[in-house]
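# Examining the three-dimensional arrangement
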Amino acid sequence: MIAGIVPFFLMHIIPMIEAGARAKDIPFLISQAIVHLGWNGIWGVIFGLFISIIFDRIPGRVITKGLLIGLIYALFSTFQPVCSLWAYGNVTSALIFLLGGPQDKFIFGILFTYLYKPPK
Amino acid sequence: MKIENAKMRGFYTGLFAGFIGAIAVHISLMVSAMSGFHPDYAALLASERAIEFILYQLIYELGQVGISGAVFGIFYSMFYEAIPGKGVKKSFIFGLIILLFSNLWWSSYNFLLGLLTGIEKFFWYSILWTGAVYFWPVYGIFLGIFYERWK
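Residues numbered from 1 in each chain as written. Chains lettered and ligands numbered in written order. Predicted model: local features only at pLDDT ≥ 70, side-chain atom pairs only at ≥ 80, totals over all residues.

## Some remarks on the overall build of chain B
Assigned secondary structure in chain B consists of six helices and zero strands. Counting from the amino terminus, helix and strand elements in chain B follow one another as α-α-α-α-α-α. A principal-axis box enclosing the C-alpha atoms of chain B has dimensions of 50 × 40 × 20 Å. Buried positions account for 36% of the 151 residues belonging to chain B. The contacts of chain B with a sequence gap of at least 6 include a subset with a gap of at least 24, amounting to 77%. (Helix = DSSP H or I, 4+ residues; strand = E, 2+ residues; numbered from the N terminus. Buried ≥ 20, exposed ≤ 12 C-beta atoms within 10 Å, placed from the backbone. Contact = placed C-beta atoms within 7 Å.)

Written as structure tokens, this is what we have:
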């Protein structure tokens, strides 16, 4: 959950504060922040459960392993939607999906590897 | 037929299971169009271009699910031992895992955007992404059948 929430802070909070300062719509931004925190936390838990199953089979140490976990997360969450959008000729959306998504997954992966201790 | 290299086996079984999944989603799409769920598709099916539309849609599904299926097939072969279950049950669980992270993830994200912004199209997108429920479970079953047979 923590690994899911922290990338949210890094990826979303700063642009959100900037936008909020411009728009001066603070209650809307606060509600958005709370919902996004909950959403990222829930999916962080679910993906964390999945990764804990295959954790030992992923090669590397903290950084490499974390980047690979991020890559797996990105593969699962974006590959098929990108193929689908590309096949429909919606190349712009496909590129947005492909380039706009993976950064927070890599942060998730590194944090997860750092925080997670596999059972002995 | 036997394929010794596990990754190649994953690739080919994923590709063929993807093709079968694509046919399943194509049939479900046509049935839903005929039952009035997709008004645009229903109009195309009633037009002179119906055959062209059916064929192009099938080719598109075969391409995108086939490619995705092959890539996930390689992943399946790499983490085969770690995925819970045995035989077809194992691959079916794998299909559900893909469905969860590949489509329900986006579905929930769009639903959330719809709730936050009140824009109706996001709710429609959230329904659209769940359409994958027609091919990933089918993909999972056939991945297991082919993978165990080609061992």
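## Details of the interface of chain A and chain B
Taken together, the contacts link 18 residues of chain A with 17 residues of chain B. Breaking the side of chain A that touches chain B down by element, the ones donating at least two residues are helix H2 (26–54) and helix H3 (62–87) of chain A. Looking at the side of chain A that touches chain B residue by residue, the classes come out as 13 nonpolar, four polar and one charged. (Nonpolar A, V, L, I, M, F, W, Y, C, P; charged D, E, K, R; others polar.)

## A look at the environment of glycine 66 of chain A
Residue and element names in this part refer to chain A. Within the element layout of this structure, glycine 66 appears in helix H3. Here the alpha-carbon distance between glycine 66 and phenylalanine 112, two residues 46 residues apart in the chain, equals 7.0 Å. Look past the residues within four positions of glycine 66 in its chain and what remains in contact with it is Gly109, Ile110, Phe112 and Thr113.

## Here's the deal with the environment of lysine 2 of chain B
Mapped onto the fold, lysine 2 of chain B is located in the segment before helix H1 (6–34). If near-sequence neighbours (up to four positions away) are discounted, lysine 2 of chain B is found in contact with Trp150 and Lys151 of chain B.

## Observations regarding the nonpolar core
Of all hydrophobic cores here, the largest spans 41 residues; its most connected members are Tyr73 of chain A together with Ala17, Ile98, Phe135, Tyr139, Phe142 and Leu143 of chain B. Not counting the four nearest positions on each side in its chain, isoleucine 98 of chain B is found in contact with Phe76 of chain A together with Phe72 and Trp136 of chain B. (Core = buried A, V, L, I, M, F, W, Y, C linked by C-beta atoms within 7 Å.)

## A word on the confidence of the model for chain B
Residue and element names in this part refer to chain B. Here chain B shows a mean pLDDT of 87. Residues at 70 or above account for 100%. Per-element confidence in chain B ranges from a low mean pLDDT of 81 for helix H2 (residues 39–46) to a high of 92 for helix H6 (residues 136–149). Across the whole predicted complex the pTM is 0.83, and at the interface the ipTM reaches 0.81. (pLDDT = per-residue confidence, 0-100.)

## Examining the packing of H1 of chain B against helix H3 (residues 50–78) of chain B
Residues and elements named next belong to chain B. At a closest axis distance of 6 Å, the pairing of H1 and H3 adopts a crossing angle of 145°. Here H1 and H3 pass one another in a crossing that is right-handed. The residue inventory of the contact of H1 with H3, partitioned by class, reads 17 nonpolar, 12 polar and three charged. (Axes fitted to C-alpha atoms, helices over the stretch in contact; angles between N-to-C directions. Left-handed = near helix turned anticlockwise from the far one by under 90°.)

## Side note on H1 of chain B
One full turn of an α-helix is made of 3.6 residues, so residues set three or four places apart face in the same direction. Helix length check: H1 of chain B (29 residues) gives 41 Å between terminal C-alpha atoms against 42 Å at 1.5 Å per residue, within 8%. In the segment just after H1 of chain B, glycine 36 of chain B is the residue with positive phi, at about 90°. (Expected span 1.5 Å × (residues − 1).)

## Considering the packing of helix H4 (residues 87–117) of chain B against H6 of chain B
Residue and element names in this part refer to chain B. At their nearest, the axes of H4 and H6 sit 7 Å apart, and the two run at 145° to each other. As for how H4 packs across H6, the hand of that crossing is right-handed. Where H4 approaches H6, its residues Gly87, Val88, Lys90, Ser91, Phe92, Phe94, Gly95, Leu96, Ile98 and Leu99 are matched on the opposing element by Trp136, Pro137, Tyr139, Gly140, Ile141, Leu143, Gly144, Ile145, Tyr147 and Glu148. Residues belonging to the contact of H4 with H6 are distributed by class as follows: 13 nonpolar, five polar and two charged.

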